[in-house]
Amino acid sequence: RARVGHSRPPQFRGGVKVHGPKNTRDYGKTKLNRKVRQAALRNALSQKLLEGNLMIANQLHHLPSIKTKELAAYLGNYDIGGMD
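An account of the accompanying structure is given in this report.

What counts and what doesn't
Residues numbered from 1 in each chain as written. Predicted model: local features only at pLDDT ≥ 70, side-chain atom pairs only at ≥ 80, totals over all residues. Heavy atoms only, no water. Helix = DSSP H or I, 4+ residues; strand = E, 2+ residues; numbered from the N terminus. Rg over C-alpha atoms; globule rule 2.2 N^0.38 Å. Buried < 20%, exposed > 50% of the residue type's maximum accessible area, 1.4 Å probe, protein only. Lys, Arg positive; Asp, Glu negative; His and termini not counted. Charge placed at Lys NZ, Arg CZ, Asp CG, Glu CD. Expected span 1.5 Å × (residues − 1). Patch = residues over 30% accessible without salt bridge, like charges linked within 9 Å, V, L, I, M, F, W, Y side chains within 5 Å. Areas by Shrake-Rupley, 256 points an atom, 1.4 Å probe, with all protein chains shown as cover. Salt bridge = Lys/Arg side-chain N within 4 Å of Asp/Glu carboxyl O.

### Notes on the overall build of the chain
In terms of regular secondary structure, the chain is built from two helices and zero strands. Here the C-alpha radius of gyration of the chain, 27 Å, is well above what a compact globule of 84 residues would show, namely 12 Å. Per-residue burial over the chain gives 2% buried out of 84 residues. If the 16 positive side-chain charges of the chain are averaged to one point and the 5 negative ones to another, these points end up 28 Å apart.

Laid out in structure tokens, this is it:
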């Protein structure tokens with residue numbers, strides 16, 4: 001084994017795989033079935049409701065314009081949102 005370079009070349013016994021996995025996983029592209037996604041969302045919202053952390057706003061269309069500052073002021077009336 002003269003002039004090998006390192007101890008685990010692919011041509012030797014106990015060596016590495018030539019084009020093996022690179023240990024990179026992209027979990028964002030993992031496909032979930034629609035019913036599974038819906039069940040997960042339902043479960044998360046139910047948990048928020050049990051904790052008392054769920055608030056539904058259905059009158060955001062009354063805001064004068066679509067600006068973050070106005071939305072923060074609107075949500076400030078309800079003591080939610082913002083980084084104060």
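Moving on, there is more to tell.
### What about helix H1 (residues 34–51)?
Compared with an ideal rise of 1.5 Å per residue, which puts 18 residues at 26 Å, H1 spans 26 Å between its outermost C-alpha atoms and is within 8% of the ideal. A positive backbone phi angle near 80 degrees is found at Gly-52, which sits one or two residues after H1.

### Here's the deal with a positive patch on the surface
Taken together, the side chains of Lys-31, Arg-34, Lys-35 and Arg-37 make up a positively charged region of the molecular surface. Here Lys-31 lies in the segment before H1.

### Section: the environment of Gly-28
The topology assignment puts Gly-28 in the segment before H1. Each C-alpha atom of the pair Gly-28 and Phe-12 lies 37 Å from the other, and the pair is 16 residues apart in sequence.

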